[in-house]
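Structural description and commentary
Residues per chain are reported as follows:
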Amino acid sequence: GAVVSQHPSWVICKSGTSVKIECRSLDFQATTMFWYRQFPKQSLMLMATSNEGSKATYEQGVEKDKFLINHASLTLSTLTVTSAHPEDSSFYICSARDLRGEYGYTFGSGTRLTVV
Amino acid sequence: DAKTTQPTSMDCAEGRAANLPCNHSTISGNEYVYWYRQIHSQGPQYIIHGLKNNETNEMASLIITEDRKSSTLILPHATLRDTAVYYCIVRALNAGNMLTFGGGTRLMVKP
């Protein structure tokens, strides 16, 4: 089945620094990837849709200059949290759709970001 | 995507069947019912999906009512590792946009 690899699994960074999270589709090409954020005991909330070769589409309330998304190839999307603050601490999850199958959506294992 | 309603939480004894209900009374004719689960601190995992016929795979069974307004995910022999949040999502097969997650059902499998 389709596999999405997300790296790193967890990261701790200082306030004001930037953190990059990678999302790779390992055995399929994904023209579209999705980035979610999940706070403790809450459901996944979509942050943005990453489109290969074009600008990402951000959900309302998500700062595009703070959460930089790059989707430079059909197998890689990156999310960079710039000038991180403690309130950005969360669980970030990427997803990609494998058009070969009916169920389609495969998720990465998530990245636990802690900003201190 | 059609709205879904699930109980917030459920308990199940280890080894017994876990039956997780989902209401989707506004489902459209071309919309499928998908089930995902999320084990703590992991990404969601696909379980099963169906349109109108009952479906079974190695993980679970999906029972969809004849009017398609509700469904039940059945884990036939729940184990402790099945403790997770289970999400019922309704959407069209070829919809290219993202999956929208509701609150899901937190299933606790107890020894």
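Report on the accompanying structure. (Residues numbered from 1 in each chain as written. Chains lettered and ligands numbered in written order. Predicted model: local features only at pLDDT ≥ 70, side-chain atom pairs only at ≥ 80, totals over all residues. Heavy atoms only, no water.)

This part is about the side chain of Glu31 of chain B. Residues and elements named next belong to chain B. Residue placement: Glu31 occurs in strand S3 (residues 31-38). Of the side chains with opposite charge, Arg68 comes closest to the buried, unpaired Glu31, at an N-O distance of 6.1 Å. Of the polar contacts made by the side chain of Glu31, one reaches the backbone nitrogen of Ser28; its length is 2.8 Å. (Helix = DSSP H or I, 4+ residues; strand = E, 2+ residues; numbered from the N terminus. Buried < 20%, exposed > 50% of the residue type's maximum accessible area, 1.4 Å probe, protein only. Lys, Arg positive; Asp, Glu negative; His and termini not counted. Salt bridge = Lys/Arg side-chain N within 4 Å of Asp/Glu carboxyl O. Polar contact = N/O pair within 3.5 Å; in protein donor to acceptor, adjacent residues only side chain to side chain.)

What the rule picks out here adds up to 2 disulfides over all chains. A sulfur-sulfur separation of 2.0 Å characterises the disulfide bridge that pairs Cys23 of chain A with Cys94 of chain A. Taking the torsion about the S-S bond as the criterion, the Cys23 of chain A to Cys94 of chain A disulfide, at about 80°, is right-handed. On the criterion of sequence distance, the pair formed by Cys23 of chain A in strand S3 (residues 19-25) and Cys94 of chain A in strand S9 (residues 90-97) is long-range, its members being 71 residues apart. The pair Cys23 of chain A / Cys94 of chain A is uniform in exposure class, with both members buried. One disulfide bridge connects Cys22 of chain B with Cys88 of chain B, the sulfur atoms lying 2.1 Å from each other. Measuring the twist about the S-S bond at about -80°, one finds the Cys22 of chain B-Cys88 of chain B disulfide to be left-handed. One end of the pair, Cys22 of chain B, is in strand S2 (residues 18-23); the other, Cys88 of chain B, is in strand S8 (residues 84-92), with 66 residues separating them in the sequence. (Disulfide = S-S within 2.5 Å.)

All names here are of chain B. Reading across from one edge, S2-S7-S6-S5 is the order of the 4 strands in this open sheet, with antiparallel pairing throughout. The open sheet terminates on both sides in strands that have one partner only, identified here as S2 and strand S5 (55-56). Examined bridge by bridge, strand S6 (residues 61-64) and strand S7 (residues 70-75) share 4 bridges and lie antiparallel to one another. Residue Ser61 lies in a different strand from S7, and its bridge partner there is Ile74. (Pairing = 2+ DSSP bridges.)

Our focus in this paragraph is the interface of chain A and chain B. Each partner contributes to the interface: chain A provides 17 residues, whereas chain B provides 22 residues. Carbon and sulfur atoms make up 55% of the area that chain A and chain B hide from each other, which totals about 1600 Å². The interface formed by chain A and chain B holds 0 salt bridges in total. The tally of links between chain A and chain B comes to 7 residue pairs in polar contact (both at pLDDT 80 or more). At the level of secondary structure, the elements contributing two or more residues to the side of chain A that touches chain B comprise strand S4 (32-38), S9 and strand S10 (105-107) of chain A. Among the residues making up the side of chain A that touches chain B, the classes are represented as 9 nonpolar, 4 polar and 4 charged. (Contact = heavy atoms within 4.5 Å. Buried area = accessible area lost by both parts, 1.4 Å probe. Nonpolar A, V, L, I, M, F, W, Y, C, P; charged D, E, K, R; others polar.)

Moving on, we come to the nonpolar core. With 25 residues, the main nonpolar core has Trp35, Phe67, Leu79, Tyr92 and Leu113 of chain A as its most contacted residues. Elements with a minimum of two residues in this core: strand S2 (10-13), S3, S4, strand S5 (45-51), strand S7 (67-73), strand S8 (76-81), S9 and strand S11 (111-115) of chain A. Here Leu113 of chain A is in contact with Val11, Cys13, Val19, Val81, Asp88, Ser89, Ser90 and Tyr92 of chain A, once residues within four sequence places are set aside. Formed by 21 residues, the second largest nonpolar core is a distinct cluster that contains Leu20, Ile48, Leu73 and Leu107 of chain B. (Core = buried A, V, L, I, M, F, W, Y, C linked by side-chain atoms within 4.5 Å.)

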